[in-house]
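Structural features, examined
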Amino acid sequence: MSVLTPAPPRSVPVPASIAGHRLGPLRVSSIVADPWPAAHGRSVVLCGREDHITLVLPQHGTAALLLDGHRLPLRPGTFAVARAGRPVVLEVSEAFSGTVFHWPRSAAGLTEEDLLELSGAAFETDTGTAALVAAYLGRLARPVVSLDPQLAGRLATTALDLLTVLAHEHRRRAARAVPEELRTTIARTKEYILRRLGEPGLTPETIAAAHHFSVRYLHKLFQHEGVTVGRWIQRRRLEMCRRDLARPSARPATVATVAGRWGFVSTSHFSRVFRAAYGVTPREWQAGTREDVTCSALPA
């Protein structure tokens, strides 16, 4: 397990304690790290495996998350996400406590684009979707005795759904300014698409015709979203399929039924794009195949 920045030769790890519990595929770890008199090397490796996503939610004190050679300050009122494939190192300079959330990449349901939007930024938790994420995760940080396994899994999935919303919100904020008239047209077009998401015949041509503008103009609208209209439709369809496949049921729907419900004509094509987006096949997702989370707080 390696850190991103080399520690000085005389580095000394931080004394840290960890206690955790599980909610389906989600591991929740409460970390308390005491200050250390050494001048350098005060760090805790939170996770170094490539198949996990890590979110750090501070409660007391300040620290820094080391990601890709960058130092990201953290304090109460913020949180940060590290995407899969990146070791997560917490640098501690004073008494610090917080909660760390680990999801297997295969269970996350977040696309690579979502993860790129979330990783490497400290989110303020006072307003907007980030506030909802922090409040919800704060409740999940408290262990619940005798929680039904299916309910535990749904709680973990809801947390990831909130992160997906946050990624989309962050992407919109990062996009260049769009005139109000265009924003209204884009919103109206998206609403139309979402109402007809399950229709296999939903195409750029039918969408443009319904709004009395050209296909070229439709593609120009979605350039402001940083994605093609076809790609945007596919993402929304995949999100709905993922939710339906994860829905507890005594007689779960088949993969083909769910794919057809949301506009996928070919089950094999659906399986390929689902795996490309989420790292697992639809059947694996539905069956609840999860890799065990073994990340923990270890001295660097």
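Residues numbered from 1 in each chain as written. Predicted model: local features only at pLDDT ≥ 70, side-chain atom pairs only at ≥ 80, totals over all residues. Heavy atoms only, no water.

1. Observations concerning the overall build of the chain
The number of helices and strands found in the chain is 11 helices and 11 strands. Looking at the chain as a whole, 46% of its 300 residues qualify as buried. The long-range share in the chain, meaning contacts at least 24 apart out of those at least 6 apart in sequence, stands at 73%. (Helix = DSSP H or I, 4+ residues; strand = E, 2+ residues; numbered from the N terminus. Buried < 20%, exposed > 50% of the residue type's maximum accessible area, 1.4 Å probe, protein only. Contact = heavy atoms within 4.5 Å.)

2. A word on the environment of P200
Structurally, P200 can be placed in the loop between α5 (180-195) and α6 (204-211). Between the alpha carbons of P200 and F264 there is a distance of 6.4 Å; along the sequence they are 64 residues apart. Not counting chain neighbours up to four residues away, the residues in contact with P200 comprise R237, G263 and V265.

3. Thoughts on the packing of helix α8 (residues 229-246) against helix α10 (residues 267-278)
Running from N to C, α8 and α10 cross one another at 90 degrees; their axes reach a closest spacing of 11 Å. Relative to α10, the element α8 is oriented roughly perpendicular. Where α8 abuts α10, its residues Q234, L238, E239, C241, R242 and L245 lie against H269, F270, V273, F274, A277 and Y278. In terms of residue class, the contact of α8 with α10 is built from 8 nonpolar, 2 polar and 2 charged. (Axes fitted to C-alpha atoms, helices over the stretch in contact; angles between N-to-C directions. Parallel < 35°, antiparallel > 145°, perpendicular 65-115°, else oblique. Nonpolar A, V, L, I, M, F, W, Y, C, P; charged D, E, K, R; others polar.)

4. Section: the pattern of salt bridges
Under the counting rule described, the total for this entry stands at 6 salt bridges. Between D161 and R243 there is a salt bridge whose closest N-O contact spans 2.3 Å. Here the residue D161 occupies a position in helix α4 (residues 149-174), and R243 occupies one in helix α8, the gap between them amounting to 82 residues. Under the relative-accessibility criterion, R243 is labelled partly exposed at 37%. One network of salt bridges, with partners in common, ties together D161, R242 and R243. (Salt bridge = Lys/Arg side-chain N within 4 Å of Asp/Glu carboxyl O.)

5. Section: unusual backbone geometry
Phi is positive for H212, which is not a glycine, with a value near 60 degrees. Note that H212 resides in the loop between α6 and α7 (215-223). For H212, a relative accessible area of 75% puts it in the exposed group.

6. Considering the side chain of H211
On the secondary structure map, H211 appears in helix α6. A distance of 2.9 Å separates a polar side-chain atom of H211 from the backbone oxygen of I207. (Polar contact = N/O pair within 3.5 Å; in protein donor to acceptor, adjacent residues only side chain to side chain.)

7. Description of α7
Buried within α7 we find L218, L221 and F222. Projected down its long axis, α7 carries its buried residues within an arc of 90 degrees, all on one side. Residues R216, K220 and Q223 are exposed on α7 and point more than 90 degrees away from its buried face. Those residues of α7 that are buried lie in contact with α5, α6 and α8. (Arc of directions from axis to C-beta.)

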